[in-house]
Amino acid sequence: MTTHHRASLQGNRSSGNAPFPWARGLGWFSIGLGLAEVLAPKALARWLGLRGQEGLVRAYGLREITNGIGLLRSEDPAPWVWGRVAGDVLDLATVAPHLEDANPQKGHVEGALVALAGITLVDVCCGVQLHRGVTRKENPDQHTQESDVERSLTIERPASELYQRWRDPQTLAQVMAHFAEVRSVGNGQTHWHVQGPAGRSLEWTATTVEDRPGEVLRWQSLPGSDLVNEGSVRFQPAPADRGTVVTLRFSFDPADGNLSGAVLKRLDVVPSLLAGKALRRFKSLVETGEIPTTVGQSAARADTR
Amino acid sequence: MRALCWNGVNDLRVETVPDPTIINPHDAILRVSLSTTCGSDLHLIDGYIPTMKAGDIIGHEFMGEIVEVGPAVKKVQRGDRVVVPSFITCGQCWYCQHDLYSLCDNTHPKPELQEPLFGYPTAGIYGYTHAFGGYAGAHAQYVRVPHADVDCFQVPEGLPDEQVLFLSDAAPTGYMGADFCRIQPGNVVAVWGCGGVGLMAQQSAFLLGAERVIAMDRLPERLTMARDHVGSETIDYSQVDNVPAVLKEMTGGRGPDACIDAVGMEAHGTGLQYAYDRTKQVLRMHTDRGQALREAIVACRKGGTLSILGVYGVMDKFPIGVIMNKGMTVRTAQQHGQAYLPRLLAHAAKGELNPSYLATHRFSLEDGPRGYDVFKHKKDGCVRAVFAP
């Protein structure tokens with residue numbers, strides 16, 4: 001069984017804004033270059049052997065400044081970055097014809113062309129990055145399309161011990177505490193209560209449907225649950241002294257199509273993170289006797305994560 | 001209590017925060033006696049390492065006295081004077097049992113922040129971003145120490161605080177870096193950087209049997225320290241054209257047997273390469289200025305060892321082809337302090353290791369922001385600023 005949650009929540013969050021600092025950097029670069037062109041067009045034209053084209057240099061300077069301000073002030077820098085690329089092409093087209101042997105400043109022209117080519121590359125890269133970021137942002141919820149997930153983790157304990165610990169209702173309550181309030185209601189049944197944002201909550205009772213000591217436990221929600229789901233945990237020996245491979249599977253979507261996916265999305269639950277985190281919590285609890293946490297620690301602002 | 005808190009890029013403030021409490025059964029609460037700045041803190045302060053949150057207490061190199069222990073703490077007790085390595089470790093998992101403590105499997109409360117980038121979560125660390133666990137740091141009057149039995153090391157009587165403080169991070173990091181070099185008789189070890197970690201790496205190389213140690217920096221006072229306190233030969237890299245060529249001459253054309261990078265992502269340097277790195281870093285196009293590391297790779301002898309202690313992000317322009325063709329061994333890690341602390345405390349007790357000279361500047365905790373300013377800009381010959389709450 002495979003999982004399709006390639007894009008985690010975190011991945012989306014961290015990549016969305018990443019290229020904006022580039023855009024800001026380019027904005028300041030534009031303004032700096034533009035000011036130089038506007039304030040010292042003569043010197044620049046002389047340096048490149050473009051005598052008599054001071055007016056053009058000054059106009060290009062104004063273009064740079066406008067573009068720079070646009071980059072810095074705009075909420076969506078992408079069009080301004082592409083504006084820069086267009087300007088780069090114009091600059092290259094203007095400077096390139098002066099790369100002739102007759103020009104005494106040929107060396108300077110060469111240098112300027114190399115610099116222009118470099119900055120064009122940077123602009124194009126930035127534009128492409130921004131474009132990618134936008135494309136990603138348009139489909140941020142792909143991960144909720146799938147609600148069937150399996151994760152494995154190796155734990156340094158024998159399978160028999162891990163099986164026993166998982167059956168202990170207290171252990172399950174601690175391991176799942178980041179997701180649901182779980183309590184034993186007898187007969188091998190557990191009651192699950194998930195508190196979502198804005199007062200939304202879901203409840204169901206799960207019953208054990210398969211129990212092979214030291215090997216596997218499988219459970220299913222009873223009819224009438226808010227969220228139809230099933231899950232299992234398998235214990236298999238790991239090589240050498242590595243303990244046991246524990247595989248946790250959650251399926252929130254066995255029968256009712258996309259409904260569960262939508263419910264999970266409302267509750268801000270990402271099944272792949274849920275399973276991975278539950279396994280890590282279980283591992284820490286059985287290996288060390290506690291689950292690592294920073295909730296309730298000192299900080300100048302409350303930690304809400 | 002009072003604590004030094006990160007509030008944004010280059011914005012540190014001393015604030016009143018709630019006292020720490022026992023949260024997990026193996027926790028202890030320490031009254032901090034001394035804490036110190038580390039070069040790696042500057043990456044957070046300058047904003048090159050993400051996932052800090054406004055209000056986070058920083059600081060990961062410290063010592064103190066235990067004032068409270070959780071119900072499952074057995075070995076250490078109230079009143080113990082202890083030094084604590086920067087990484088929080090459980091002592092139980094496969095990594096801890098193989099002395100790879102900073103890779104501990106059981107102390108990262110937010111692995112989902114780190115797994116997308118690293119593939120697997122590392123151990124948590126005090127005061128060093130939420131990607132590294134988000135634990136409250138030690139520039140404070142009190143600090144919560146999880147897994148106290150594993151992570152608190154009792155200080156032998158008679159050793160003053162200043163001598164022990166740096167056994168929290170600078171000394172074990174440097175010692176590990178030298179240990180990575182598998183030093184043989186006659187070996188020459190070159191060390192980039194004469195900050196706290198670099199000086200400790202140099203001293204450790206001698207403790208582990210190096211014939212000669214050659215140290216690089218650009219600050220005269222630090223080069224003097226390397227010569228006077230450690231016995232290293234030194235190169236002021238800002239005064240030579242080509243560091244690898246100088247090293248080659250100094251080693252009879254063989255090259256250093258091992259090179260230790262104790263610099264990291266905000267390396268200073270010279271020339272075009274430095275301008276390139278600096279520009280890209282300012283534009284946030286890459287995280288690292290890697291001149292020291294690239295130089296170490298070129299300078300090292302064929303088949304030698306590159307030991308990386310500097311903190312890096314995801315560097316581009318990394319000359320892996322040079323490493324491959326020269327058949328080099330690369331060793332690197334965040335410090336596995338718990339594996340080295342007993343040895344280091346023994347060296348300290350015998351008088352073979354006394355890093356107290358690193359403590360060039362002392363401040364009250366209330367002066368924390370000024371302490372970091374002096375440290376960051378290396379004002380007045382500052383190597384390390386030490387805070388006494």
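Residues numbered from 1 in each chain as written. Chains lettered and ligands numbered in written order. Predicted model: local features only at pLDDT ≥ 70, side-chain atom pairs only at ≥ 80, totals over all residues.

Draft legend 1. Region of the structure containing the overall build of chain A. When helices and strands are tallied, chain A shows ten helices and seven strands. If you take every contact in chain A between residues at least 6 apart in sequence, the share linking residues at least 24 apart comes to 59%. (Helix = DSSP H or I, 4+ residues; strand = E, 2+ residues; numbered from the N terminus. Contact = placed C-beta atoms within 7 Å.)

Draft legend 2. Structural detail: the overall build of chain B. When helices and strands are tallied, chain B shows 14 helices and 18 strands. In terms of overall size, chain B behaves like a compact globule, its C-alpha atoms giving a radius of gyration of 20 Å where 389 residues would be expected to give roughly 21 Å. In terms of overall dimensions, chain B has a C-alpha envelope of 60 × 50 × 45 Å along the principal axes. Relative to its full complement of 389 residues, chain B shows a buried share of 56%. Within chain B, counting contacts between residues at least 6 apart in sequence, those at least 24 apart form 72% of the total. (Rg over C-alpha atoms; globule rule 2.2 N^0.38 Å. Buried ≥ 20, exposed ≤ 12 C-beta atoms within 10 Å, placed from the backbone.)

Draft legend 3. Main features of the environment of A:Arg157. All names here are of chain A. Mapped onto the elements of the fold, Arg157 is located in the loop between strand S1 (148–155) and helix H7 (159–167). Arg157 sits in the partly exposed class, given 16 other C-beta atoms within 10 Å. Beyond its immediate stretch of four places on either side in the chain, Arg157 contacts Leu162, Gly243, Thr244, Val286 and Glu287.

Draft legend 4. Region of the structure containing the nonpolar core. With 123 residues, the main nonpolar core has B:Val143, B:Val189 and B:Ile260 as its most contacted residues. Looking at which element gives the most residues to this core, the answer is helix H13 (residues 337–349) of chain B, with six residues. Leaving out residues up to four positions away in the same chain, B:Val143 has contacts with B:Pro20, B:Leu30, B:Val32, B:Phe62, B:Tyr126, B:Ala136 and B:Ala138. Residues A:Leu162, A:Val175, A:Trp192 and A:Trp219 belong to the second largest nonpolar core, which totals 34 residues. (Core = buried A, V, L, I, M, F, W, Y, C linked by C-beta atoms within 7 Å.)

Draft legend 5. View of the sheet that holds strand S3 (residues 189–195) of chain A. Residue and element names in this part refer to chain A. With respect to topology, seven strands assemble into an open sheet ordered S1-S7-S6-S5-S4-S3-S2, the strand pairing being antiparallel. With partners counted over all chains shown, the strands left at the sheet margins are S1 and strand S2 (181–186), one partner each. Pairs of neighbouring strands in the sheet enclose a mean axial angle of 20°, with direction left out of account. Where S2 meets S3, five bridges bridge the pair, whose relative direction is antiparallel. From the neighbouring strand, Val182 faces S3, where its bridge partner is Trp192. In the packing of H7 onto the sheet, the strands contacted are S1, strand S5 (216–221), strand S6 (230–237) and strand S7 (244–251), and the crossing angle to S6 comes to about 160°. Contacts from helix H10 (residues 271–288) reach S1 and S7, with the element oriented near 25° to S1. (Pairing = 2+ DSSP bridges. Axes fitted to C-alpha atoms, helices over the stretch in contact; angles between N-to-C directions.)

Draft legend 6. The arrangement of the interface of chain B and chain A in detail. With 44 residues of chain B at the contact, the number on the chain A side is 28 residues. Listing elements by their share of the side of chain B that touches chain A, those giving two or more residues are strand S1 (2–8), strand S4 (56–57) and helix H3 (111–118) of chain B. Residue composition of the side of chain B that touches chain A, by class: 23 nonpolar, twelve polar and nine charged. (Nonpolar A, V, L, I, M, F, W, Y, C, P; charged D, E, K, R; others polar.)

Draft legend 7. Structural detail: the sheet that holds strand S16 (residues 329–332) of chain B. Residue and element names in this part refer to chain B. Strand order in the open sheet formed by six strands is S13-S12-S11-S14-S15-S16, with parallel pairing between adjacent strands. Two strands bound the open sheet, and with one partner strand each, they are strand S13 (233–236) and S16. Across the sheet, the axes of successive neighbouring strands diverge by a mean angle of 20°, strand direction being ignored. Both strand S11 (residues 188–192) and strand S12 (residues 212–217) contribute to a ladder of five bridges, which runs parallel. Following the sheet pairing, Val189 is matched in S12 by Val213. In the packing of helix H11 (residues 291–299) onto the sheet, the strands contacted are S11, strand S14 (258–261) and strand S15 (305–308), and the crossing angle to S14 comes to about 180°.

Draft legend 8. Structural context of unusual backbone geometry. All names here are of chain B. Unlike most non-glycine residues, Asp99 shows phi in positive territory, near 60°. In this fold, Asp99 is placed in the loop between helix H2 (94–97) and H3. Overall, the presence of 12 C-beta atoms within 10 Å leaves Asp99 in the exposed class. Its identity is not glycine, yet Lys378 carries a phi of approximately 50°, on the positive side. Turning to its location among the elements, Lys378 is positioned in the loop between helix H14 (368–376) and strand S18 (385–388).

Draft legend 9. Representation of H11(B) in the model. In terms of residue burial, H11(B) counts as a mostly covered element, since eight of its nine residues are buried. Turning to H11(B), its buried residues are B:Gln291, B:Ala292, B:Leu293, B:Arg294, B:Glu295, B:Ala296, B:Ile297 and B:Ala299.

Draft legend 10. Molecular detail of the environment of A:Glu230. Position of A:Glu230 among the secondary structure elements: in strand S6. Put simply, A:Glu230 and A:Arg249 are 19 residues apart on the chain and 8.3 Å apart in space, counted from C-alpha to C-alpha.

Draft legend 11. Representation of the packing of helix H6 (residues 170–179) of chain B against helix H7 (residues 196–207) of chain B. Residues and elements named next belong to chain B. Orientation of H6 relative to H7, taken along the N-to-C sense of each, is 50°, at an axis distance of 7 Å. As far as their axial angle goes, H7 and H6 are oblique. Crossing of H6 against H7: the hand is right-handed. Residues Ala170, Ala171, Thr173, Gly174, Tyr175, Gly177 and Ala178 of H6 pack against Gly196, Val197, Met200, Ala201, Ser204 and Ala205 of H7. Its residues placed into classes, the contact of H6 with H7 shows eight nonpolar, five polar and no charged. (Parallel < 35°, antiparallel > 145°, perpendicular 65-115°, else oblique. Left-handed = near helix turned anticlockwise from the far one by under 90°.)

Draft legend 12. Spotlight on the confidence of the model for chain A. Residues and elements named next belong to chain A. When pLDDT is averaged along chain A, the result is 79, and 83% of the positions lie at 70 or above. Between residues 1–19, whose pLDDT stays under 50, and residues either more than four places distant or in other chains, the model counts 38 contacts. In this model, residues 135–145 is a region of pLDDT below 50 whose contacts with residues beyond four sequence positions or in other chains number 14 contacts. (pLDDT = per-residue confidence, 0-100.)

Draft legend 13. Expanded view of the environment of B:Cys300. Residues and elements named next belong to chain B. Tracing the backbone shows Cys300 in the loop between H11 and S15. For Cys300, a count of 25 C-beta atoms within 10 Å puts it in the buried group. Taking the C-alpha atoms as reference points, Cys300 and Ala123, 177 residues apart in sequence, are found 31 Å from one another. For Cys300, the contacting residues outside a window of four places in its chain are Gly255, Pro256, Cys259, Leu306 and Met328.

Draft legend 14. Layout of the pairing of S15(B). Residues and elements named next belong to chain B. Both faces of S15 are covered, namely the face carrying Thr305 and Ser307 and the face carrying Leu306 and Ile308. When S14 meets S15, the two strands line up parallel, connected through four bridges. Bridging from a neighbouring strand, Cys259 pairs with Leu306 of S15.

Draft legend 15. Structural context of the packing of helix H4 (residues 54–73) of chain A against helix H5 (residues 78–95) of chain A. All names here are of chain A. The N-to-C vectors of H4 and H5 enclose an angle of 160°; their axes lie 9 Å apart at closest approach. It follows from the interaxial angle that H4 and H5 lie roughly antiparallel. In this structure, H4 meets H5 at a crossing whose hand is left-handed. The segment H4 lies against H5, with Tyr60, Arg63, Glu64, Asn67, Gly70 and Leu71 engaging Trp80, Val81, Gly83, Arg84, Gly87 and Asp91. Classifying every residue of the contact of H4 with H5 gives four nonpolar, four polar and four charged.

Draft legend 16. Seen up close, H3(B). Residues and elements named next belong to chain B. All of the buried residues in H3 are Pro111, Leu113 and Gln114. Burial along H3 is one-sided: seen end-on, the buried residues are contained in an arc of 155°. Gly119 sits one or two residues past H3 and shows a positive phi near 90°. (Arc of directions from axis to C-beta.)

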